[in-house]
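Coordinate inspection notes
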Amino acid sequence: ILNVEQSPQSLHVQEGDSTNFTCSFPSSNFYALHWYRWETAKSPEALFVMTLNGDEKKKGRISATLNTKEGYSYLYIKGSQPEDSATYLCAFSDGGATNKLIFGTGTLLAVQP
Amino acid sequence: NAGVTQTPKFHILKIGQSMTLQCTQDMNHNYMYWYRQDPGMGLKLIYYSVGAGITDKGEVPNGYNVSRSTTEDFPLRLELAAPSQTSVYFCASSYPRTSGYNEQFFGPGTRLTVL
C-alpha cells in the first residue's frame, strides 16, 4: 500500500510569517508529485506538478522543492497572508496508465491577521 | 468552460435509500475519478474511468457503482445507503498521463449525509 504523509496536520501563523510543510512519499516508482491548494467550501486547485529530483517550482509567494531519492517535498509560503489560509494537499503518482493519484491527508494552514 | 460540475451540492439520504451523484465535465477529458473525503483521512479513490465504457475500482469501491456512457458524464450510484457513506464526494477529470504530467481538475463536491 502506497502511503503519502504530510506534516504538520495543521498550522496557525500570523500574517507576515513565513512557513513550510512537508510531504513524504514512496521513493520507488516515482513519476510525479502534485501540490494542490484547497480552500474551505471550494474544490482543490492544482499548484504545482513536480517530476525531477531537485525540482523547484514557484508561484508568487509559494514555492516547492522535490527530493525523489529520499521521498519528500517541501512547500514554502513566504510572508503568509490571510488569503493563504487553506488546506494544502500533496499527491503522489507512480506513472500508472490511469493517472491515479495517492493523496496525503493535507496540512491545514490558518493565517491570522 | 464550466469545468467539472457536480449535482447536488448537498443531500440527506435515509439508510437503505439509493441515489445518484451526477458529474459532468466539458474539457473533453478522457479520465474521470470519484473520491470521498472524510475528516483526517484525505481523499480516497472510489472508482475511476479512462474513457467511455471503461470503469474500474479504486481504493474504496464497496457500496458504490459507476457508469461511463459518454466522455462528459460519470455518475456515481449509491445503493442501500449506510451511515458510513456520509462524506463529501468529489469528482475529478484529467487528460491521459501520456499527454504530460497532467493535473486533475476537481468539481465543487457533494456533501452527503446518511441518517
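Basis of the calculations
Residues numbered from 1 in each chain as written. Chains lettered and ligands numbered in written order. Predicted model: local features only at pLDDT ≥ 70, side-chain atom pairs only at ≥ 80, totals over all residues. Heavy atoms only, no water. Helix = DSSP H or I, 4+ residues; strand = E, 2+ residues; numbered from the N terminus. Rg over C-alpha atoms; globule rule 2.2 N^0.38 Å. Buried < 20%, exposed > 50% of the residue type's maximum accessible area, 1.4 Å probe, protein only. Contact = heavy atoms within 4.5 Å. Areas by Shrake-Rupley, 256 points an atom, 1.4 Å probe, with all protein chains shown as cover. Buried area = accessible area lost by both parts, 1.4 Å probe. Salt bridge = Lys/Arg side-chain N within 4 Å of Asp/Glu carboxyl O. Polar contact = N/O pair within 3.5 Å; in protein donor to acceptor, adjacent residues only side chain to side chain. Nonpolar A, V, L, I, M, F, W, Y, C, P; charged D, E, K, R; others polar. Phe/Tyr/Trp six-rings, centres within 6.5 Å; stacked < 30°, edge-to-face > 60°. Lys NZ or Arg CZ within 6 Å of the ring centre and 35° of its normal.

Moving on, we get to the overall build of chain B. What chain B contains, in helices and strands, is zero helices and eleven strands. Reading the secondary structure of chain B in the N-to-C direction produces β-β-β-β-β-β-β-β-β-β-β. Over its C-alpha trace chain B gives a radius of gyration of 13 Å, about what one expects of a compact globule, namely 13 Å for 115 residues. For the C-alpha atoms alone, the extent of chain B along its principal axes is close to 40 × 30 × 25 Å. Out of the 115 residues in chain B, the part that is buried amounts to 46%. Pairs at least 24 apart in sequence give 55% of the contacts found in chain B among residues at least 6 apart. Working note: accessible area of chain B is about 5,500 Å², and carbon and sulfur atoms make up 52% of it.

Moving on: the interface of chain B and chain A. Counting residues at the interface gives 23 residues for chain B, matched by 22 residues for chain A. With both chains or domains summed, chain B and chain A bury close to 1,900 Å², and 62% of this area falls on carbon and sulfur atoms. Along the contact surface separating chain B from chain A lie zero salt bridges. Across the chain B-chain A interface, the total number found is six residue pairs in polar contact (both at pLDDT 80 or more). Sort the elements by how many residues they give to the side of chain B that touches chain A and strand β5 (residues 42-51) of chain B lands first, with five residues. Of the residues that constitute the side of chain B that touches chain A, the class distribution is 13 nonpolar, eight polar and two charged.

Let us look at the packing of aromatic side chains. Going through the model one piece at a time under the given rule, you end up with 15 aromatic pairs over all chains. Consider the rings of W38(A) and F90(B), whose centres lie 5.1 Å apart with planes at 80°: the pair is edge-to-face. Of this pair, W38(A) sits in strand β4 (residues 32-38) while F90(B) sits in strand β9 (residues 87-94), placing the two residues on different chains. Measuring from centroid to centroid gives 6.1 Å for Y74(A) and Y76(A), while their planes differ by 70°, and the two rings are edge-to-face. Residue classification places Y74(A) among the partly exposed residues on the basis of a relative accessible area of 27%. Look at Y76(A) and you get partly exposed, because its relative accessible area is 32%. The structure contains a cluster of three or more aromatic residues connected by ring pairs, namely Y36(A), W38(A), F103(A), Y33(B), Y35(B), F90(B) and F106(B). The residue whose ring lies beneath K59(A) is F48(A), and the NZ or CZ to ring-centre distance is 6.0 Å. Its guanidinium or amino end placed over the ring of F74(B), R68(B) lies 5.9 Å from that ring's centre, counting from NZ or CZ.

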